[in-house]
Amino acid sequence: MSDTRSERQPVARLRGVSVEFSGRVAIAGVDLDVMPGVVMAIAGPNGAGKSTLLEVIAGTRPLSAGTRVATRAIGFVPQRTAVSDRLPLTVRDVVSVGAWGRIKPWRRLDTASRHAVDDALDRLGITDQASRPFAALSGGQRQRALLAQGLACRADLLLLDEPTTGLDTASGDRIRTVMRAEAHRGVSIACVSHDPLVLDIADHVVHLVDGRMTR
Ligand SMILES: Nc1ncnc2c1ncn2[C@@H]1O[C@H](COP(=O)(O)OP(=O)(O)OP(=O)(O)O)[C@@H](O)[C@H]1O
């Protein structure tokens, strides 16, 4: 997490970033600083380039032009619909994957990692679901488990793709509460969302239209 020296440095900085797919522009000329301890929402119509921008921040999408600098640890929280129903994993297994950055995959978790997993389950209100198969959970519980996985990464920047879309009220409330609490702890949140309640709790909103930031 951020120390005092680096507190006001961006956790990720994009300058003049463009991404094209077969000559078709997905995002164009984006300048963006993601600052520590903020919730930044990324909004815009379908096809505007929101997910592509999230991938650029994550460092998983090659740039056609521009630069990306991100020196701190990044965690990615996928949409529940992007995760297979057939994974033969318990909820605790899914959350434990978040700790794999600090240990080797499938190794026994060390004490600090076990605490991080327990804490993440507790904060998302799914401790009682920990032994159940991930596939047996409701949509809201699955999305909570995936955010818990993100918390277990102990990243400086968490990237979320539509974390509350189509969820029950209690799950949406819990997820937004955890997003704000993480920002309060100094973690930066960048979140693609159409949900007005997420835009309400954001410190700022990046609007994309046809791949360009409009404000
Ligand atoms: N892997 C890919 N190959 C080709 N084109 C792509 C790819 N990924 C995205 N695109 C195109 O890039 C543009 C931006 O897509 P992106 O998924 O980033 O938009 P979005 O705002 O997240 O859309 P949505 O809200 O529908 O998820 C679209 O025209 C899309 O078809």
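Bear in mind that the values here come from a model prediction, so they are computed numbers and not experimental data.

Novice: Explain the overall build of the protein chain here, please?
Specialist: A count of helices and strands for the protein chain gives six helices and nine strands. Taken over C-alpha atoms, the radius of gyration comes to 17 Å for the protein chain, in line with the 17 Å a tight globule of 215 residues would show. Along the first, second and third principal axes, the C-alpha atoms of the protein chain reach 45 × 40 × 35 Å. Burial status across the protein chain gives 47% buried among its 215 residues. Carbon together with sulfur atoms contributes 49% to the accessible area of the protein chain, which is approximately 10,400 Å² in total. Side chains of the protein chain carry 28 positive and 23 negative charges; the gap between the two charge centres is 4 Å.

Novice: How should I be thinking about the site of the ligand in this particular structure?
Specialist: The ligand sits among 13 residues. The nearest are G47, G49, K50, S51 and T52. The backbone of G47 places a nitrogen or oxygen atom 2.8 Å from an oxygen atom of the ligand. G49 places a polar main-chain atom, nitrogen or oxygen, 3.0 Å from an oxygen atom of the ligand. With the chains in place, 61% of the 630 Å² that the ligand exposes on its own is no longer accessible.

Novice: Looking at this structure, I do not really get the sheet that holds strand β4 (residues 65-69). What am I missing?
Specialist: By way of backbone hydrogen bonds, the strands of a sheet pair with one another, either parallel or antiparallel. Read from one edge to the other, the open sheet built from three strands follows the order β2-β1-β4, with strand pairing classed as antiparallel. Each having just a single partner strand, β2 (24-34) and β4 make up the two edges of the open sheet. Taking each pair of neighbouring strands and ignoring which way they run, the sheet shows an average axis angle of 25°. Sheet topology places strand β1 (residues 12-21) next to β4; four bridges connect them, and they run antiparallel. Paired with R13 across the two strands is V69, which belongs to β4.

Novice: Any chance you could explain the packing of aromatic side chains here in plain terms?
Specialist: Remark: the centre distance and the inter-plane angle together describe each pair of aromatic rings, the angle taken between the planes. For the structure on display, the rule yields zero aromatic pairs. Here the basic side chain of R142 rests over the ring of F134, its NZ or CZ set 5.7 Å away from the ring centre.

Novice: So what exactly am I meant to see when it comes to the side chain of E182 here?
Specialist: Considering the arrangement of structural elements, one finds E182 in helix α5 (residues 169-184). Judged by relative accessible area, E182 falls into the buried class, the value being 4%.

What counts, and at which threshold
Residues numbered from 1 in each chain as written. Predicted model: local features only at pLDDT ≥ 70, side-chain atom pairs only at ≥ 80, totals over all residues. Heavy atoms only, no water. Helix = DSSP H or I, 4+ residues; strand = E, 2+ residues; numbered from the N terminus. Rg over C-alpha atoms; globule rule 2.2 N^0.38 Å. Buried < 20%, exposed > 50% of the residue type's maximum accessible area, 1.4 Å probe, protein only. Areas by Shrake-Rupley, 256 points an atom, 1.4 Å probe, with all protein chains shown as cover. Lys, Arg positive; Asp, Glu negative; His and termini not counted. Charge placed at Lys NZ, Arg CZ, Asp CG, Glu CD. Near = heavy atom within 4 Å. Polar contact = N/O pair within 3.5 Å; in protein donor to acceptor, adjacent residues only side chain to side chain. Pairing = 2+ DSSP bridges. Axes fitted to C-alpha atoms, helices over the stretch in contact; angles between N-to-C directions. Phe/Tyr/Trp six-rings, centres within 6.5 Å; stacked < 30°, edge-to-face > 60°. Lys NZ or Arg CZ within 6 Å of the ring centre and 35° of its normal.

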